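Spelled out, the chains give:
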Amino acid sequence: LGARIIGAQAQLGTGVRTVCVVAGGEAERAAALDALAEAGALESTLVLSATTALQAVVASAAACSIAHANGDDALVVIDNLEGHLALWKESAKALSRAGVAVTPEEAGSQQRAFYSTLSERAARKKAGGSVTLLLLQPTPSLRADASAVYTLADFEGEGYAQRVLTRVQQLLDAGVAITPAVLAKLDIPPPGSGHPQG
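Every value quoted in this text rests on a predicted model; they were computed, and no experiment measured them. (Residues numbered from 1 in each chain as written. Predicted model: local features only at pLDDT ≥ 70, side-chain atom pairs only at ≥ 80, totals over all residues. Heavy atoms only, no water.)

A.B. asks: I would appreciate a short explanation of the nonpolar core in the present structure.
C.D. replies: Nonpolar side chains in soluble globular proteins tend to end up buried together. By size, the foremost hydrophobic cluster in this structure holds 16 residues, and its most contacted members are Val 21, Leu 48, Ala 63, Val 76 and Ile 78. Sorting the residues of this core by element identifies β1 (17-23), β2 (45-50), α3 (53-69), β3 (74-78) and β5 (130-135) as the ones contributing at least two each. Sorting elements by how many residues they give to this core places α3 first, with 5 residues. (Core = buried A, V, L, I, M, F, W, Y, C linked by side-chain atoms within 4.5 Å. Buried < 20%, exposed > 50% of the residue type's maximum accessible area, 1.4 Å probe, protein only. Helix = DSSP H or I, 4+ residues; strand = E, 2+ residues; numbered from the N terminus.)

A.B. asks: For this particular structure, what's the right way to read the side chain of Ser 130?
C.D. replies: Within the element layout of this structure, Ser 130 appears in strand β5. Among the residues examined, Ser 130 registers a relative accessible area of 10% and is labelled buried. Apart from the residues lying within four places of it in its own chain, the contact partners of Ser 130 are Asp 72, Asp 73, Ala 74, Ala 123, Arg 124 and Lys 125. (Contact = heavy atoms within 4.5 Å.)

A.B. asks: Help me understand the packing of aromatic side chains, please; the structure alone is not making it clear to me.
C.D. replies: A full pass over the atoms with the stated rule returns 2 aromatic pairs. Each member of the aromatic cluster is reached from another via a ring pair, and the members are Tyr 150, Phe 155 and Tyr 160. (Phe/Tyr/Trp six-rings, centres within 6.5 Å; stacked < 30°, edge-to-face > 60°.)

A.B. asks: How should the packing of α3 against helix α4 (residues 82-97) be read in this particular structure?
C.D. replies: Packed helices, taken two at a time, are described by the angle their axes make and the gap between the axes. α4 packs onto α3 with a crossing angle of 115 degrees between their chain directions and a minimal axis gap of 8 Å. Considering only the axes of α3 and α4, their crossing is left-handed. Residues Ala 53, Ala 56, Val 57 and Ser 60 of α3 form the contact with α4, whose participating residues are Gly 83, His 84, Ala 86 and Leu 87. Across the contact of α3 with α4, the residue classes break down as 5 nonpolar, 3 polar and no charged. (Axes fitted to C-alpha atoms, helices over the stretch in contact; angles between N-to-C directions. Left-handed = near helix turned anticlockwise from the far one by under 90°. Nonpolar A, V, L, I, M, F, W, Y, C, P; charged D, E, K, R; others polar.)

A.B. asks: Would you take a moment to explain the pairing of β2 for this structure?
C.D. replies: A regular strand places its side chains so that they alternate between the two faces of the sheet. In the sheet, β1 pairs with β2 via 6 bridges, with the strands oriented parallel. Directly across from Val 22, in β2, lies its bridge partner Ser 49. With helix α2 (residues 26-38) bridging β1 and the parallel β2, this β-α-β connection has right-handed handedness. (Pairing = 2+ DSSP bridges. Right-handed = clockwise from strand over helix to strand, strands pointing away.)

A.B. asks: I would appreciate a short explanation of the pattern of salt bridges in the present structure.
C.D. replies: A side chain with one charge can pair with a side chain of the opposite charge if their charged atoms come near. All told, the structure shown has 1 salt bridge when counted by the stated rule. Two residues, Glu 90 and Lys 93, come together in a salt bridge whose shortest N-O distance is 3.7 Å. One end of the pair, Glu 90, and the other, Lys 93, are both in helix α4, 3 residues apart, so they sit about a helical turn from each other. On the basis of relative accessibility, which here comes to 42%, the residue Glu 90 falls in the partly exposed class. The class for Lys 93 is partly exposed, based on a relative accessible area of 42%. (Salt bridge = Lys/Arg side-chain N within 4 Å of Asp/Glu carboxyl O.)

Below, the structure written as C-alpha cells:
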C-alpha cells in the first residue's frame, strides 16, 4: 500500500518529497526498494530501514524531522508500528517494576498519548509546505487453529493487557474453555497470532 501511494505521488508529479521507514530485516528492505523502483518512485524517496524496535522508533522520528526540514510538502510513510508497540509495552513494564500501577482504564489513554507524539508530527507548516503521515500496521489474521484451547499462561506469556487477562480468568473461573471461537466473540486475538491488539 505504501509503495502504491508513493508511486502515485511520483507519477502525478506533485513534487511531494517522500521519506519511507521500512521495518524488518534485509528481505523487507529489498522488497520495499523493489516495489518503489517498480513504481518509478525510488529516485524521489529517501528510505530509512530499521531492524529492531528501538531503531524503528528512532527512524520514525528521524523521518518526521527530515520531512519538517524540507521546505515543501512531504509525505512520511511508516510501514509498521510494531516497534512503537514494543516500546510502549516495555515502558508499561518499567512503570510496573517501579511500583506505578496502571489500571486498564488508564492504559488505553496513556497508550494513545504515547502514539500521539508520532501522529502530531503531521502538520501544515507556517512557513509553507506540509508533512503528511501514512502510518501502516500489518494485521495478522485473527484466526487460529479451531481445536486450540488456551490457558491464562498463554496470554500472560505474550504480555496481553491486564483487562484481557482479567476477562480470561473470569471465563476460566466460570468453566468456559478458551477457544478461538470464544475469543472471536470477545474480539480478543488468540495467543501466537502476533496481532498488535494482543
